[in-house]
Amino acid sequence: MTGASSEAESPGAVDPTAPYAGFEGTVGKIFSTSEPHWPKPPTAPDGAPNVIVMMADDLGYSDLGCYGSEIDTPELDRLAGEGLRYTDFHVNPMCSPTRASLLTGLNHHMAGMATVPHGDPGFPGYAFELRDNAATIAEAFRDSGWATFALGKWHLTKDADLSDGAPKSSWPLQRGFDRYYGILDAFTNFHQPHRLYEDNHHLDVDDYPDGYFFSDDLTDQALRMVDELRSSHPTRPFFMYFAHGAVHAPLQAPAADIERFRGRFDEGWDVLRARRFERQRELGVVPPDAVLPPRNTEELHEVGPWDELDDRCRELFARYMEVYAGMVHNIDHNFGRLRRHLEAIGEWDNTIVLFTSDNGGSREGQYTGTSAYFRTLLTQVRDTDLEQVDTDYERIDLLGGPRTLAHYPMGWAMVSCTPFRLYKINTHRGGHSVPFIVNWPTRFRAAAGGLAGGIRTQYQHVTDVFPTLAELCGVEVPTSRHGVAAPEQAGASFAATLGDPSAPSTHPEQYYEMLGHRGFYRDGWSVVTCHRPRRPFSQDRWELHNLATDPTESVDLADEHPEKLEEMQQAWDRAAWANQVYPLDEGNALLRILRPPWYAELSTETTLRPGTPTLERWRSQQLIFQKSFDIDVAMSWRPGDAGVLVAHGDQGGGYMLYVQDDRLFLAHNAYGDMSVVDCGPLVEGASSVRLSVENPGSLTWNASVGVDGEPVGEAPGLVSLMAMAPFEGIDVGIDRRSPVSWDVYERHGPFPYSGQLEAVTYRPGELAPDAGSLWLDYIKANGTRYE
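Okay, so let's go over this structure. Fair warning: this is a prediction, and the values are worked out from it, not measured in the lab.

Procedures and definitions
- Residues numbered from 1 in each chain as written.
- Predicted model: local features only at pLDDT ≥ 70, side-chain atom pairs only at ≥ 80, totals over all residues.
- Heavy atoms only, no water.
- Helix = DSSP H or I, 4+ residues; strand = E, 2+ residues; numbered from the N terminus.
- Rg over C-alpha atoms; globule rule 2.2 N^0.38 Å.
- Buried < 20%, exposed > 50% of the residue type's maximum accessible area, 1.4 Å probe, protein only.
- Contact = heavy atoms within 4.5 Å.
- Areas by Shrake-Rupley, 256 points an atom, 1.4 Å probe, with all protein chains shown as cover.
- Lys, Arg positive; Asp, Glu negative; His and termini not counted.
- Charge placed at Lys NZ, Arg CZ, Asp CG, Glu CD.
- Phe/Tyr/Trp six-rings, centres within 6.5 Å; stacked < 30°, edge-to-face > 60°.
- Lys NZ or Arg CZ within 6 Å of the ring centre and 35° of its normal.
- Pairing = 2+ DSSP bridges.
- Salt bridge = Lys/Arg side-chain N within 4 Å of Asp/Glu carboxyl O.
- Patch = residues over 30% accessible without salt bridge, like charges linked within 9 Å, V, L, I, M, F, W, Y side chains within 5 Å.
- Core = buried A, V, L, I, M, F, W, Y, C linked by side-chain atoms within 4.5 Å.
- Axes fitted to C-alpha atoms, helices over the stretch in contact; angles between N-to-C directions.

**Thoughts on the overall build of the chain**
Point 1. When you go through the chain residue by residue, the secondary structure sums to 20 helices and 29 strands.
Point 2. Against the 2.2 N^0.38 benchmark of 28 Å for 787 residues, the chain shows a C-alpha radius of gyration of 28 Å, consistent with a compact globule.
Point 3. Projected onto the principal axes, the alpha-carbon positions of the chain cover approximately 90 × 80 × 55 Å.
Point 4. The buried share of the chain, taken over its 787 residues, is 61%.
Point 5. Within the chain, contacts between residues at least 6 apart in sequence are counted, and of these 73% link residues at least 24 apart.
Point 6. Accessible surface, the chain as shown: approximately 29900 Å² in total, 51% of it carbon and sulfur.
Point 7. Both charge centroids of the chain, one from 66 positive and one from 113 negative side chains, sit 2 Å from each other.

Right under this line is the structure:
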């Protein structure tokens, strides 16, 4: 290094050049005698492309027109017509695991995301946050000079870390993205999202404008991010991860998008499934000799004949699918908006675009569908009699709007996954076969012979996307993160297949596991199980399929080839141990019940004051979930004071205390079924209101209300709220966004309290006798028989 003093140093003197170690310029005593050096920031190569990875949620293999659907998707069909469609592309059978693999190139258990991150059971594969030494595709592209944007559904953060006071190590900006806009949670109300996040914070929203729709908003924000970048820098490319919340439940869409499909599904799932299959054969997205399997008949997954439904069910079930189709069409419409904007500013031609889905069609609507998604989720974990077609039919004209959280019956999920068996979560091909479209306009047009409209049949997996995009863009895949060696990536680049339809697959084998369902692929063969919760894994039947002649897994060869079956089973087991798949979830709720002991501090007495932003939904649930609780409202009431005292929940379920016309009311929303208790007139000077809720178990709340220590109302036998409800957190002095009571909302909007409200205090009480955490030892002791 130059610039050091030549004078003799006195003993113990500090070397004046030491702080400049590593500086490559020359340092003198003044600027005029010094030579500067500027470290160059990461810069993408000249002409580097933009990248858009767009992922739909719960969109099955056949739901786009270019993959056989009757749903109008002209924009994505055009993308396919100008680009390539892959017909043997696979993901993991559930949303968060696929997202983890896409972003890291790792198998999902190795990335820490065995399933959706609604728990914290204390095992590496179930960490429910991206492992710290796994570099993401966003980090790789950012460090190579790209601007990095994420939009939409994240769902890679454990629910305990969604609040403002929690660690943010698995939030988007901590995993390589410069900008983020969307939801960190699994889903939301598309008309009135429960909690939007921008960058590293949540957004305070009291109400949404008329006509708001989440997918439209995401597209607006994507356009804004691109415009901000391009106005700030003329050439820097961007990497955009656009993860739609659609078409995950709740099924909702703008009214015009629903109306365009009115009557289109009246023929039912059997006719439309067969019609999709024939169209797929015409399009070449299924092999010409493929067989359409019979309706799904597996235990707990079976679909009945459409013709055996009564007229009322047919009308209701068709309406669910009309809403779903409207949602799909809305994704397509917004993709067109994004494309046209990029064309207008000259960015489209040099943009690599990938479009895919995170898993197959969702069967979470069960046998009859639902207008109340949380009610149906509850029936999947508890034996209840809450499912009622009568109630849903009465709400048929509300389906698709903000007041219902709908989902279709699994017969439509079967259609979504045509021609494959079973659905999202299952390890049969219906769970993980998805559409995959890729286009790079400049390159594809220039390729010899052109690539427009081509079909690729190579078996590839979502873990291959990271290395493929890295190769196409000249980006180095990191081998470490924060100085710690990264796990070896599970995927491999399939860039060679873009230009060569005969190039070999780069993914010769792949394991699958989801909630006990298991599967393994190797060189055109597959083995697979359909696991029933709380049944010993040793009793699962392993099917064996030769996919070269049976791509729809219609013919089980296990009895004919026992040696091959054994070989594949052992290969699955080796892969499971190598990818931290064990322990398996036996279906007895331990996955959800096990939590670290320090979570207990989030279930203690909590005081909230007016003006406090909505308390995050999981943090709010800790104060009431499977327990008795009291809510104390400190106030000073005067005649004419009106508004919400405290509200917790939304149109999917919740409760609220409010004052109207000088009277106190308790409203309870049981998954769409409203109860209102008139607690009588308030007396001037009233200073305290208490809502006491006793939870005796069996999905029951016994509620009572008192004012200044005197009882004024009671509501025994209310339905307790569980299964992620209430989904909106606690509000004090207002009911923001989706309301607990639509009747109150129509008259008053968010209904902010007009009087003097000092505080609201939650006092959690005793656990309900059937609370899962009380039975932990019993569940573990009895669970050993499920091995």
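Picking up where we left off.
**Some thoughts on the packing of aromatic side chains**
Point 1. This structure, assessed with the given rule, holds 42 aromatic pairs.
Point 2. With 4.6 Å between their ring centres and 35° between their planes, Tyr208 and Tyr212 make a pair best called tilted.
Point 3. Given the relative accessible area of 13%, Tyr212 is considered buried.
Point 4. Measuring from ring centre to ring centre gives 6.1 Å for Trp269 and Phe317, while their planes differ by 20°; the resulting arrangement is stacked. Of this pair, Trp269 sits in helix α7 (residues 269–283) while Phe317 sits in helix α8 (residues 311–344), and the two are 48 residues apart along the sequence.
Point 5. An aromatic cluster is present here, built from Phe261, Phe265, Trp269, Trp306, Phe317, Tyr320 and Trp412 joined pairwise through their rings.
Point 6. Of note, Lys168 hangs over the ring of Trp171, and the distance from its end group to the ring centre comes to 4.8 Å.
Point 7. Across the ring face of Trp572, the terminal group of Arg518 is positioned such that the distance to the ring centre comes to 5.6 Å.

**Things to note about the pairing of strand β26 (residues 700–707)**
Point 1. Two strands pair when backbone bridges link them, and strand β25 (residues 688–697) and β26 are joined in this way by seven bridges, in the antiparallel orientation. From the neighbouring strand, Ser692 faces β26, where its bridge partner is Ser704.
Point 2. Taken together, β25 and the strand that follows it, β26, pair antiparallel across an intervening segment of two residues, in which Ser698 is found at a positive phi of about 55°.
Point 3. Where β26 meets strand β27 (residues 710–719), seven bridges bridge the pair, whose relative direction is antiparallel. In the strand pairing of β27, Val707 is matched with Glu710.

**Things to note about the pairing of strand β8 (residues 238–243)**
Point 1. For β8, the buried fraction is high: six of the six residues fall into the buried class.
Point 2. Taking every second residue as pointing to the same face, both faces of β8 are buried, with Phe238, Met240 and Phe242 on one and Phe239, Tyr241 and Ala243 on the other.
Point 3. Sheet topology note: the strand β1 (residues 50–56)/β8 ladder contains five bridges and is parallel. Looking at the pairing, Ile52 lines up with Met240 of β8.
Point 4. Alignment of strand β4 (residues 147–153) against β8, held across six bridges, turns out to be parallel. Paired with Leu151 across the bridge in β8 is Phe242.

**Comments concerning the pattern of salt bridges**
Point 1. Evaluation of the coordinates by the stated rule reveals 58 salt bridges.
Point 2. Among the salt bridges present, the one from Glu139 reaches Arg481, with a minimum N-O distance of 2.8 Å. Of this pair, Glu139 sits in helix α4 (residues 137–143) while Arg481 sits in strand β13 (residues 480–481), placing them 342 residues apart in sequence.
Point 3. For Glu139, a relative accessible area of 6% corresponds to the buried category.
Point 4. Look at Arg481 and you get buried, because its relative accessible area is 7%.
Point 5. Residue Arg262 pairs with Glu322 through a salt bridge whose shortest N-O separation is 3.1 Å. One end of the pair, Arg262, is in the loop between α6 (255–259) and α7; the other, Glu322, is in helix α8, and 60 residues separate them in sequence.
Point 6. Residue Glu322 is classed as buried on the basis of its relative accessible area of 3%.
Point 7. When salt bridges that share partners are traced, they join Arg179, Glu198, Asp199, Arg224 and Glu228 into one network.

**Section: a nonpolar patch on the surface**
Point 1. Taken together, the side chains of Leu767, Leu774, Trp775 and Tyr778 make up a nonpolar region of the molecular surface, amounting to roughly 420 Å² of accessible area.
Point 2. Here Tyr778 shows up in helix α20 (residues 776–783).

**Some words on the nonpolar core**
Across soluble globular proteins, nonpolar side chains have a tendency to be buried as a group.
Point 1. Phe355 and Trp412 are the most contacted members of the largest nonpolar core, which totals 79 residues.
Point 2. When residues of this core are assigned to their parent elements, the largest contribution, 15 residues, is made by α8.
Point 3. Among the nonpolar cores identified, the runner-up in size contains 56 residues, and Ala134, Trp146, Trp171 and Leu354 belong to it.

**Thoughts on the sheet that holds strand β20 (residues 627–636)**
The strands that make up a sheet pair up through hydrogen bonds in the backbone, lying either parallel or antiparallel.
Point 1. Spatial ordering of the open sheet is given by β19-β29-β20-β25-β26-β27, a layout of six strands whose pairing is antiparallel. The outermost strands of the open sheet, each flanked by one partner alone, are β19 (606–608) and β27. Recorded for the sheet is a direction-independent mean angle of 15° between the axes of neighbouring strands.
Point 2. Sheet topology note: the β20/β25 ladder contains six bridges and is antiparallel. Across the sheet, residue Ala634 finds its bridge partner in β25, namely Ser688.

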